[in-house]
Amino acid sequence: MTEMTRDSTRAAATPTIGQVTLIGLFVTALVTAQLTASKILGFSLPFELPVVGAQLALPGAALAYAVTFLASDCYAELYGRRAAQVMVNVGFAMNFVLLALVWSTIAAPVAPTSQVAADTFATVLGASTNIVIASLLAYVVSQNWDVLVFHRLREYTDGDHLWLRNIGSTASSQAIDTVIFVTVGFAIAPAILGNGDVPGIGLLASLIVGQYLLKLAIAVLDTPVVYAIVGAIRQYDLDAAALDPAGRTGD
C-alpha cells in the first residue's frame, strides 16, 4: 500500500465533527435517561385532559429520551440507515456498561469521609430491576423502529419532506417506547418478579398518556431544530470538503 493510499484511507475513516457531535449528544441523552428513569414527575395543568385529568405524570427520563430520537433522526438523515442502526445498537450495548459501572460503584465499600451515604447513593443511582428491564426492552425496540420508519418514509417521499419523516418516525416509535416502558416497568415486571406493587389500570393509562403527550409535543416542536442541525452539518461538511488535508482551498 502506497503512502498516498494510506493517507486516503485514514482520511476516509476519520469521523466528521457532525458525526462525533451527534453521537455524543445521543450517548449523553441516553445515559441521562437511564439515570433519571425511576423518578416520576408530576405537572399540574390549567385544564383537564381525558385519562390524564389535570395532573400530567411521566417518568423523569421522558425529556432526555426524546433527545435521543432527535439525535438519531439527524444521524439517519445525514449518514444513512445502516450507520444509524449501528449507533443505536452500540448504544444498547453501552447501557450494560453503564449499569455495570453504576452497580459496581454501589457495591464497593464506602469511606467514612464520604459526603453521601451508601444507601442514599444506591437509592438515587441504582435503578430498580423493573425499570432496567423495561427501559432496555423499550429502547432496543423503539429506536430500531424509529430508524426503519424514518428511512421508509424517506424512500416514499424521494428524500423530500424531512419534517414528515422526523415527526412520523418519532411519533410512532415513541408510542411503542412509552407502552413498553410503562407496562413492563410498572406492571408486568413487578407482577412476575414480585418486587413491587402493580398500579391500577387508571394510573398506568395516565402514565402512558402523559408521557406520550410530552414526547409527541417534543417531536413536533423539535422539527425546526432537526432542520437546523442537518443544514448546519451539511454546510460544514461541504466547506470541509472544499479544503485539502493541508487546509488549502480546493481547485
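Here, every reference points to the structure presented above.
A brief structural summary. (Residues numbered from 1 in each chain as written. Predicted model: local features only at pLDDT ≥ 70, side-chain atom pairs only at ≥ 80, totals over all residues. Heavy atoms only, no water.)

1. What about the packing of aromatic side chains?
Two aromatic rings, taken as a pair, are described by how far apart their centres are and by the angle between their planes. Under the definition given, this model contains 7 aromatic pairs. Between F26 and Y139, the ring centres sit 6.5 Å apart and the planes meet at 55°, which makes this aromatic pair tilted. You can see F26 sitting in helix α2 (residues 17–36) and its partner Y139 sitting in helix α6 (residues 129–156), a full 113 residues away along the chain. Across this residue pair, the class does not change: F26 and Y139 are buried. Ring centres 6.4 Å apart and planes at 55° place the aromatic pair Y65 and Y139 in the tilted group. On the criterion of sequence distance, the pair formed by Y65 in helix α3 (residues 62–79) and Y139 in helix α6 is long-range, its members being 74 residues apart. A network of ring pairs unites the aromatic residues F26, Y65, F69, F92, F96 and Y139 as a single cluster. (Phe/Tyr/Trp six-rings, centres within 6.5 Å; stacked < 30°, edge-to-face > 60°. Helix = DSSP H or I, 4+ residues; strand = E, 2+ residues; numbered from the N terminus. Buried < 20%, exposed > 50% of the residue type's maximum accessible area, 1.4 Å probe, protein only.)

2. Comments concerning the environment of T36
Relative to the helices and strands, T36 resides in helix α2. We classify T36 as partly exposed; its relative accessible area is 29%. Not counting residues within four places of it along the chain, the set of residues in contact with T36 comprises G60 and A61. Here the side chain of T36 touches T32 through a polar contact of 2.7 Å, landing on its backbone oxygen. (Contact = heavy atoms within 4.5 Å. Polar contact = N/O pair within 3.5 Å; in protein donor to acceptor, adjacent residues only side chain to side chain.)

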